[in-house]
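Breakdown of the fold
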Amino acid sequence: MTKQQERGKFGEDYALNYLKAQGLILLERNYLCRMGEIDLIMTETEFLVFIEVRLRDQTTFAHALESITYTKQRKILRTAEFYMQQKNYKGACRIDAIGIDISDGQFKLDWVKNAISG
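Calculation criteria
- Residues numbered from 1 in each chain as written.
- Predicted model: local features only at pLDDT ≥ 70, side-chain atom pairs only at ≥ 80, totals over all residues.
- Heavy atoms only, no water.
- Core = buried A, V, L, I, M, F, W, Y, C linked by side-chain atoms within 4.5 Å.
- Buried < 20%, exposed > 50% of the residue type's maximum accessible area, 1.4 Å probe, protein only.
- Helix = DSSP H or I, 4+ residues; strand = E, 2+ residues; numbered from the N terminus.
- Contact = heavy atoms within 4.5 Å.

Tyr31, Ile41, Leu48, Phe50, Tyr83 and Ile95 are the most contacted members of the largest nonpolar core, which totals 14 residues. At the level of secondary structure, the elements contributing two or more residues to this core comprise strand E1 (25-33), strand E2 (36-44), strand E3 (47-56) and helix H2 (70-87). Among the elements that take part in this core, H2 stands out by supplying 6 residues, more than any other. Contacts of leucine 48, omitting those with residues within four sequence positions, involve Leu27, Ile41, Met42, Thr43, Tyr83, Met84, Tyr89, Ala92, Cys93 and Arg94. Core analysis: the next-biggest nonpolar cluster, separate from the first, contains 13 residues, Leu24, Val49, Val53 and Leu55 among them.

Shown next, in the form of structure tokens:
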């Protein structure tokens, strides 16, 4: 595993533990299909929740959430749609984003519900 992959896994673990503490239930992790990848797929009450996790060591240039480009947003949306078609899911869903900024050893987690819509 590369250093970047280790960092990504750490960020996903950190976000997953936080979300579980908030009552969400994990369905899938690192869902991959021909459309793209989604870091976490969870449920929260009646919602199916797709979650993009971003980790940044320094906030000098941009915060973690600002690194989710328009192209990445479209890819996440297409992947979520493909997942729902594959599972024949017809209920409510949303796409959230978690940004984890690390500065001077301090972690700041931002959870944006319904961050991406389409």
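In this section: unusual backbone geometry. For asparagine 88, which is not glycine, the phi dihedral falls at a positive 55°. Of note, asparagine 88 is situated in the loop between H2 and strand E4 (93-103). Judged by its relative accessible area of 55%, asparagine 88 falls in the exposed class.

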